[in-house]
Amino acid sequence: MFVSFALLTAGALVFASATMQHLNTVGSRGVGFILTDRATPLSREGFAGRAARTLQNNLESMGMVTPAGLVLLLGNADGMVVSGAALVYALTRTGFTLSYWAGINKMRSLFWGIGMAMIAVLTINAMLVVVTS
């Protein structure tokens, strides 16, 4: 169950990050800008830059956790370690996103590291499912 929650959280964070970046663009450039070819690049400074980097990082994280999550779901691997890692992943990625937007660098880095460790735990467990089936 928590693996499903982690996968849904990963997708929701990508959606929230894209939405935040879009709203920031509309707020800073106006609605007319989104109707252009966007040949003029967006700023990578301040909140606009943090919003863009948050979206990019959430896309990368989702790309890493999804294969392991799918293997674990299909293999019905829902033990305590897998469930715990999936829940911690979802919580830390949410904390990562919020702290990145807020510019709290040390907390963001802590959340990033814990999230990466949980991806490793889930990936190793997914590999065990594949090897033992």
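As the structure is a prediction and not an experimental result, all values here were calculated from the model. (Residues numbered from 1 in each chain as written. Predicted model: local features only at pLDDT ≥ 70, side-chain atom pairs only at ≥ 80, totals over all residues. Heavy atoms only, no water.)

Engineer: How would you explain the overall build of the protein if you had to name every residue and give the values?
Structural biologist: Within the protein, the regular secondary structure consists of five helices and zero strands. Taken from the N to the C terminus, the helices and strands of the protein come in the order α-α-α-α-α. Its C-alpha atoms give the protein principal-axis dimensions of about 55 × 30 × 20 Å. Counting the 133 residues in the protein, one finds 34% classified as buried. (Helix = DSSP H or I, 4+ residues; strand = E, 2+ residues; numbered from the N terminus. Buried < 20%, exposed > 50% of the residue type's maximum accessible area, 1.4 Å probe, protein only.)

Engineer: How would you sum up helix H4 (residues 80-102)? Please name residues and give values.
Structural biologist: With 23 residues, H4 ought to run about 33 Å at 1.5 Å a step, and its terminal C-alpha atoms sit 33 Å apart, in line with that. Once H4 ends, the next one or two residues include Gly103, with phi positive near 75°. (Expected span 1.5 Å × (residues − 1).)

Engineer: Go over helix H5 (residues 105-132), please, and point to the residues and values.
Structural biologist: Each full turn of the α-helix corresponds to 3.6 residues, which orients residues three or four apart in the same direction. The first and last C-alpha atoms of H5 sit 41 Å apart over 28 residues, in line with the 40 Å expected at 1.5 Å per residue. Those residues of H5 that fall on the buried side of the exposure criterion are Gly115, Met118, Ile119, Leu122, Asn125, Ala126 and Val129. Where the residues of H5 are buried, they touch helix H3 (46-74) and H4. (Contact = heavy atoms within 4.5 Å.)

Engineer: Explain a nonpolar patch on the surface to me, using residue names and the numbers behind them.
Structural biologist: There is a patch of nonpolar side chains on the surface, built from Leu70, Leu73 and Leu74 and spanning about 300 Å² of accessible area. Mapped onto the secondary structure, Leu70 falls in helix H3. (Patch = residues over 30% accessible without salt bridge, like charges linked within 9 Å, V, L, I, M, F, W, Y side chains within 5 Å. Areas by Shrake-Rupley, 256 points an atom, 1.4 Å probe, with all protein chains shown as cover. Salt bridge = Lys/Arg side-chain N within 4 Å of Asp/Glu carboxyl O.)

Engineer: An account of the packing of aromatic side chains is needed here, citing residue identities and associated values.
Structural biologist: In the structure shown here, the tally under the stated rule is one aromatic pair. Aromatic pair Phe96 and Tyr100: ring centres 5.3 Å apart, planes at 85°, arrangement edge-to-face. In this pair, Phe96 and Tyr100 are both assigned in helix H4, four residues apart and thus about one turn of the helix distant. Owing to a relative accessible area of 1%, Phe96 belongs among the buried residues under this scheme. (Phe/Tyr/Trp six-rings, centres within 6.5 Å; stacked < 30°, edge-to-face > 60°.)

Engineer: Account for the nonpolar core, with residues named and values stated.
Structural biologist: The biggest cluster of nonpolar side chains holds 17 residues, and the ones touching the most others in it are Val3, Val65, Leu72, Val82, Ala86, Tyr89 and Leu122. Those elements giving two or more residues to this core turn out to be helix H1 (2-29), H3, H4 and H5. Looking at this core element by element, the count peaks at five residues for H5. (Core = buried A, V, L, I, M, F, W, Y, C linked by side-chain atoms within 4.5 Å.)

Engineer: So what about unusual backbone geometry? Which residues, and what values?
Structural biologist: You will see that Asn76, though not glycine, has its phi angle at about 55°, which is positive. Residue classification places Asn76 among the exposed residues on the basis of a relative accessible area of 69%.

Engineer: Go over the packing of H1 against H3, please, and point to the residues and values.
Structural biologist: One way to put it is that H1 packs onto H3 with a least axis distance of 8 Å and a crossing angle of 160°. Judged by the inter-axis angle, H1 sits roughly antiparallel to H3. Judged by the twist between their axes, the crossing of H1 over H3 is left-handed. Here the residues of the contact of H1 with H3 are counted per class, giving 18 nonpolar, nine polar and no charged. (Axes fitted to C-alpha atoms, helices over the stretch in contact; angles between N-to-C directions. Parallel < 35°, antiparallel > 145°, perpendicular 65-115°, else oblique. Left-handed = near helix turned anticlockwise from the far one by under 90°. Nonpolar A, V, L, I, M, F, W, Y, C, P; charged D, E, K, R; others polar.)

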